[in-house]
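Each chain is listed here by its residues.
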Amino acid sequence: MTTNFLELAVKGVQGLQPYLPGKPIEELERELGVTNTLKLASNENPMGPSPLVLDVLQNPVPQLALYPDGGGFTLKDKLSSKLGVTQAQITLGNGSNDVLDMIARAFLCEGREAIYSEYAFAVYPISVQAVGATAKVSKALPSDDEGNPYGHDLEAMQAQITDKTRVIFIANPNNPTGTWLKSDELDSFIENVPKEVIVVVDEAYFEYVTEPDYPDTLQWLSKYPNLIVTRTFSKIYALAGLRVGYAICSEEIADCLNRVRQPFNVNTPALLAATAALDDDEHLQSCVEINTKGIKFWRAACQYRGLEYIPTVGNFITIDFEQDAMPIYEALLREAVIVRPIANYGLLNHLRITISTVEENQKCLDALDKVLEQLGIS
Ligand SMILES: *Cc1c(COP(=O)(O)O)cnc(C)c1O
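The structure displayed is predicted, hence computed values, not measured ones.

Participant: What exactly am I supposed to notice about the pairing of strand E10 (residues 316–320) here?
Facilitator: For a regular strand, the rule is simple: side chains alternate between the two faces of the sheet. Burial analysis of E10 places 5 of its 5 residues in the buried class, which makes it a mostly covered element. Residues Phe316, Thr318 and Asp320 of E10 are buried on one face, and the alternating residues Ile317 and Ile319, pointing to the opposite face, are buried as well. Taken together, strand E9 (residues 308–310) and the strand that follows it, E10, pair antiparallel across an intervening segment of 5 residues. In terms of strand pairing, E10 meets strand E13 (residues 347–354) through 5 bridges, oriented antiparallel. Residue pairing across strands places phenylalanine 316 opposite threonine 354, the latter belonging to E13.

Participant: In this structure, what is going on with the sheet that holds strand E6 (residues 198–202)? I would like to understand it.
Facilitator: Across a sheet, paired strands are connected by hydrogen bonds in the backbone, their directions being either parallel or antiparallel. The strand order across the open sheet formed by 7 strands is E2-E8-E7-E6-E5-E3-E4, and the pairing between neighbours is mixed. Pairing within the sheet leaves two strands with one partner each, and these edge strands are strand E2 (90–93) and strand E4 (134–138). In this sheet, neighbouring strand axes are inclined to one another by 20 degrees on average, regardless of whether the strands run parallel or antiparallel. As paired elements, strand E5 (residues 165–171) and E6 share 5 bridges and run parallel to each other. Of the residues in E6, the one forming a bridge with valine 167 is isoleucine 198. Across the face of the sheet, helix H7 (residues 123–130) comes into contact with strand E3 (113–117), E4, E5 and E6 while running at roughly 170 degrees to E3.

Participant: Looking at this structure, I do not really get the nonpolar core. What am I missing?
Facilitator: In globular proteins that are soluble, nonpolar side chains generally tend to be buried together. Residues Leu75, Leu79, Ile168, Ile170, Ile190 and Phe233 are the most contacted members of the largest nonpolar core, which totals 49 residues. In terms of residue count, the dominant contributor to this core is helix H11 (residues 268–277) (6 residues). Here this core spans two domains, and each of domain 1 (9–48 + 282–374) and domain 2 (51–277) adds at least three residues to it. Those residues in contact with isoleucine 170 that lie beyond four places of it in its chain are Tyr124, His152, Leu154, Met157, Leu181, Leu186, Phe189, Val199, Val200, Val201 and Asp202.

Participant: How should I be thinking about the site of the ligand in this particular structure?
Facilitator: Around the ligand, a shell composed of Gly95, Ser96, Asn97, Phe121, Asn175, Asp202, Ala204, Tyr205, Thr232, Ser234, Lys235 and Arg243 is seen. Within the backbone of asparagine 97, one N or O atom sits 3.0 Å away from an oxygen atom of the ligand. Taken by itself the ligand offers 390 Å² of open surface, and the protein chains cover 94% of this. Residues of the shell around the ligand, tallied by class, amount to 3 nonpolar, 6 polar and 3 charged.

Reading guide: rules and limits
Residues numbered from 1 in each chain as written. Predicted model: local features only at pLDDT ≥ 70, side-chain atom pairs only at ≥ 80, totals over all residues. Heavy atoms only, no water. Buried < 20%, exposed > 50% of the residue type's maximum accessible area, 1.4 Å probe, protein only. Helix = DSSP H or I, 4+ residues; strand = E, 2+ residues; numbered from the N terminus. Pairing = 2+ DSSP bridges. Axes fitted to C-alpha atoms, helices over the stretch in contact; angles between N-to-C directions. Contact = heavy atoms within 4.5 Å. Core = buried A, V, L, I, M, F, W, Y, C linked by side-chain atoms within 4.5 Å. Domains from an automatic or database assignment. Near = heavy atom within 4 Å. Polar contact = N/O pair within 3.5 Å; in protein donor to acceptor, adjacent residues only side chain to side chain. Areas by Shrake-Rupley, 256 points an atom, 1.4 Å probe, with all protein chains shown as cover. Nonpolar A, V, L, I, M, F, W, Y, C, P; charged D, E, K, R; others polar.

These figures capture arrangement, not role.
Following this line, the structure appears as structure tokens:
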């Protein structure tokens, strides 16, 4: 008799699927023998990190034999003055996914509920179900709803709140849809959430957003002690490989998160790199500008070709091919272009493409044109 370990796992884990990452470049090149692969699958920043970061990492990292600064003093110090919050309001994570996990471990367990939207970021179910809590998934806005198809339906989310609800996850903007919530609507939503329910606003793409109505959530921390804002160094700061993210919230909630945080969750090179990255506003600004141009490029390209797309404010765009997108994805792989299928979100006809530089956007579009013609789609 072999042991069925899945049956032994906690119930929530039995219902989970492993997270599906974007296909790594090396894997594609090994499998198909292609070269010069363009990876636009994981919303990584094509510009790479600031030269200040590369400088810091080029020096031999001191004292690898020693544990990192578990309190992350220097990074928190810089973040706290930049963001206008106290150090005690900041919790560092091994990527912001680590912080999402801490929130689940601190506030969720069997018998408690968490709410998130259909099409919301794939890490929420993992964090919620891993601790045995129940996920309540609200329907997204209907795709024919004006302006914000596929977006979070705040009324539907509100309607899911029960006395078992402890956490609500909101990605703003959301990945993989690129949809976003305006300041007014998010503010009045949080205002109406019971104070015992924690609202997590995941702002992984915060720095990319240029919309004037995009919320400045840190301003709300004093009026909403149940608010947690999460941000990351993985996206615009281009440090996805080093894993640094953080939460900003009331000192009381941060204290709870710190109780479940693994002692040395952010490593020494990551702490050094993130601290240096915060010094280069110019690099950040130029990444924003390139992305904003890229959004316009893809919007125009889709419109010209009659392709449906979800309006985005992030560094990615999701295109609806109105038919099974897998053959298009696979044909793109043969052209050495990796984009992201999102069938795991229930979006079978869509592909998510990371917005890149002028040159790489064009290269991806050329490959897409070629593939659509091959498949007789255009
Ligand atoms: C990419 C992404 C993150 C970032 O995860 P890290 O662990 O910080 O790399 C978080 N939330 C959303 C919605 C994302 O798309």
